[in-house]
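# Chain and residue survey
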Amino acid sequence: MGITVQIEPVDKSFTAEESQTVLEAALKAGITLKHSCRNGQCGECRAPILSGAVSYKKTESIKLEQSDLEGRTGLMCVGHAISDLVIEAPEVTELEGISVQKCAGRTMAKETVSDDVAVLKIAPAPGVNFAFKPGQYLDLTIKGYATRSYSMASTDSEGLIELHVRKMPGGAVSPIIVDELKHKAIVTIEGPFGTFYVRDSDRPMVMIASGTGFAPVKSMMQGLIASGNSRPVALYWGGRAKQDLYMDKLCQQWAEQNSWFSYTPVLSENTDAGWVGRTGFVHQSVVDDLPDLSAYEVYVCGAPIVVSSAKRDCIGLCGLNPDHFFSDAFV
Ligand SMILES: Cc1cc2nc3c(=O)[nH]c(=O)nc-3n(C[C@H](O)[C@H](O)[C@H](O)COP(=O)(O)OP(=O)(O)OC[C@H]3O[C@@H](n4cnc5c(N)ncnc54)[C@H](O)[C@@H]3O)c2cc1C
Ligand code: FES
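Residues numbered from 1 in each chain as written. Chains lettered and ligands numbered in written order. Predicted model: local features only at pLDDT ≥ 70, side-chain atom pairs only at ≥ 80, totals over all residues.

### A closer look at the site of ligand 1
Taken together, 23 residues sit near ligand 1, with G170, G171, A172, V173 and S174 positioned nearest. At the level of elements, β13 (148–151) and β14 (161–166) are the ones that each hand at least two residues to the shell around ligand 1. The dominant element in the shell around ligand 1, judged by the number of residues it contributes, is β13, at four residues. Within the shell around ligand 1, the residues separate by chemical class into 11 nonpolar, nine polar and three charged. When residues of the shell around ligand 1 are sorted by domain, at least three fall in each of domain 2 (101–193) and domain 3 (205–329). (Near = placed C-beta within 6 Å. Helix = DSSP H or I, 4+ residues; strand = E, 2+ residues; numbered from the N terminus. Nonpolar A, V, L, I, M, F, W, Y, C, P; charged D, E, K, R; others polar. Domains from an automatic or database assignment.)

### A short note on the sheet that holds strand β6 (residues 73–75)
Spatial strand order, β2-β1-β8-β4-β6: five strands in an open sheet with mixed pairing. Each end of this open sheet is capped by a strand with a single partner; those strands are β2 (12–16) and β6. For this sheet, the mean angle separating the axes of adjacent strands, direction not counted, is 35°. Alignment of strand β4 (residues 46–51) against strand β8 (residues 85–88), held across two bridges, turns out to be antiparallel. By the bridge assignment, I49 is partnered in β8 with I87. (Pairing = 2+ DSSP bridges. Axes fitted to C-alpha atoms, helices over the stretch in contact; angles between N-to-C directions.)

### Overview of helix α6 (residues 282–289)
Three or more residues of α6 are buried, namely V282, H283 and V286. The buried residues of α6 occupy an angular sector of 100° when the element is viewed end-on, so they sit on one face. (Buried ≥ 20, exposed ≤ 12 C-beta atoms within 10 Å, placed from the backbone. Arc of directions from axis to C-beta.)

### As for the sheet that holds strand β18 (residues 261–267)
Spatially, the six strands line up as an open sheet ordered β19-β18-β17-β16-β20-β21, and their pairing is parallel. With partners counted over all chains shown, the strands left at the sheet margins are β19 (278–279) and β21 (325–329), one partner each. Pairing analysis gives two bridges linking β18 to β19, with the strands arranged parallel. Looking across to β19, one finds that V266 is bridged to R278. Against the sheet, helix α5 (residues 248–257) touches β17 (233–239) and β18, its axis set at about 150° to β18. (Contact = placed C-beta atoms within 7 Å.)

### Examining the domain arrangement of the chain
The accessible area lost on association of the parts is a frequent measure of interface size. Along its sequence, the chain is organised into domain 1 (3–93), domain 2 (101–193) and domain 3 (205–329). Here the C-alpha centroids of domain 2 and domain 3 sit 23 Å apart. Every contact between the two is made by 16 residues of domain 2 and, on the other side, 15 residues of domain 3. Ranked by residue count, the leading element in the side of domain 2 that touches domain 3 is β14, at four residues. Of the residues assigned to the side of domain 2 that touches domain 3, the class counts are eight nonpolar, six polar and two charged.

### Concerning the nonpolar core
L163, M207, I208 and V298 are the most contacted members of the largest nonpolar core, which has 65 residues in total. Counting residues per element, this core draws most heavily on helix α4 (residues 214–226), which supplies six residues. When we break this core down by domain, the ones giving at least three residues each are domain 2 (101–193) and domain 3 (205–329). Apart from the residues lying within four places of it in its own chain, the contact partners of V298 are V206, I208, L293, A310, C314, L320, H324 and F325. (Core = buried A, V, L, I, M, F, W, Y, C linked by C-beta atoms within 7 Å.)

### Here's the deal with helix α7 (residues 304–316)
For α7, which comprises 13 residues, the first-to-last C-alpha distance of 18 Å matches the rise-based estimate of 18 Å (1.5 Å per residue) to within 8%. Of the positions making up α7, those classed as buried are V306, V307, A310 and C314. The buried residues of α7 occupy an angular sector of 95° when the element is viewed end-on, so they sit on one face. Among the exposed residues of α7, those oriented more than 90 degrees off its buried face are I305, R312 and G316. Of the surrounding elements, those touching the buried residues of α7 are β16 (205–210), β17, α6, β20 (297–302) and β21. (Expected span 1.5 Å × (residues − 1).)

### Points about the environment of E190
By the secondary structure assignment, E190 is in strand β15 (residues 186–193). Discounting chain neighbours no more than four positions away, the residues touching E190 are V100, K102, L138 and D139.

### Some details on unusual backbone geometry
The step from E8 to P9 runs through a cis peptide bond, and the omega angle for that step is 0°. Look at the link from G191 to P192: it is a cis peptide, with omega at 5°. With respect to the helices, strands and loops of the structure, P192 is situated in strand β15. One non-glycine residue, R38, lies in positive phi territory at about 60°. Among the secondary structure elements, R38 is positioned in the loop between β3 (32–33) and β4.

### Section: the pairing of β21
With respect to burial, β21 is a largely interior element, four of its five residues being buried. Both β20 and β21 contribute to a ladder of five bridges, which runs parallel. What sits directly across from Y299, in β21, is F326.

Printed below as a string of structure tokens:
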């Protein structure tokens, strides 16, 4: 018999099997609890436990805090309910018409856009409508290799799913995707996952991307443009060198065509001859330009260090409401 998980204050409940994590069971029931990495690394799914308990299968490889160890909070992406459970999760979304699905896909195009980034286009199996919200990600599996997560850079009305993959030196999978994955290769895709998507509000938005963290931002921007957006959006895109900003021209075009959009490229290593733009940490440019973020929403995606620094300084130095900070760390 399943275990009942109750969510407060929204007063929703679902049933979880002991073999499922709380998040898996929630997604299966069509309830999206806040989450990002799904492997116990980023902390996005941490929720206060009001009653009951969760257990973890492998504590050594997940990032538990003292409150998790004491049972006051829990990581729902890796925690299994061991008794009826009541958790607090103020933001619970039921993504209408969007459910997690697993299907085959075929690589239809691959373009190398910098020394280490490939843009991949995947066609889901015929008949599959792979619906997602701009900003979400999927799990990609190439036969014989481990599964890895990649954010959609397209919108779901485009048919082909666009992914931006950076080759991690020494990585098990990304070098295979960038260097070896062939045209028309069959892969498995599962998703969508994640709660990194544009919230419905009037607040001006700051988007901070590092490297291929631009992928979900591109999807969000395409979604905003298609919906006739007029809400102010300021994008800061950081890379080590200019070639890391592999779609810089597209961002400049958006800025020319949309009065509500501004774009600030930032390089952390100023080694490009003739670069007269901003330099340093990408989140620092935001702190310098927008010292009062109390009225804003901030969306950050990319390297974990960029996400954690932006969170610390946007909230700690610029007065951002923590509930208005959204992120996907590429852990
Ligand atoms: C929600 C989410 C969305 C993501 N979206 C994207 C995206 O859109 N684009 C993108 O490029 N990436 C994205 N990622 C990251 C992606 O999922 C992979 O983590 C990335 O491609 C690296 O995979 P890999 O198998 O090549 O590296 P891994 O084999 O997982 O290794 C990662 C790094 O750790 C190092 N490493 C491995 N083992 C060890 C060890 N034992 N000791 C020390 N170092 C070690 C490797 O050298 C490498 O640098 C996302 C991640 C998440 C969680
Ligand atoms: S730690 Fe649970 S989603 Fe990242």
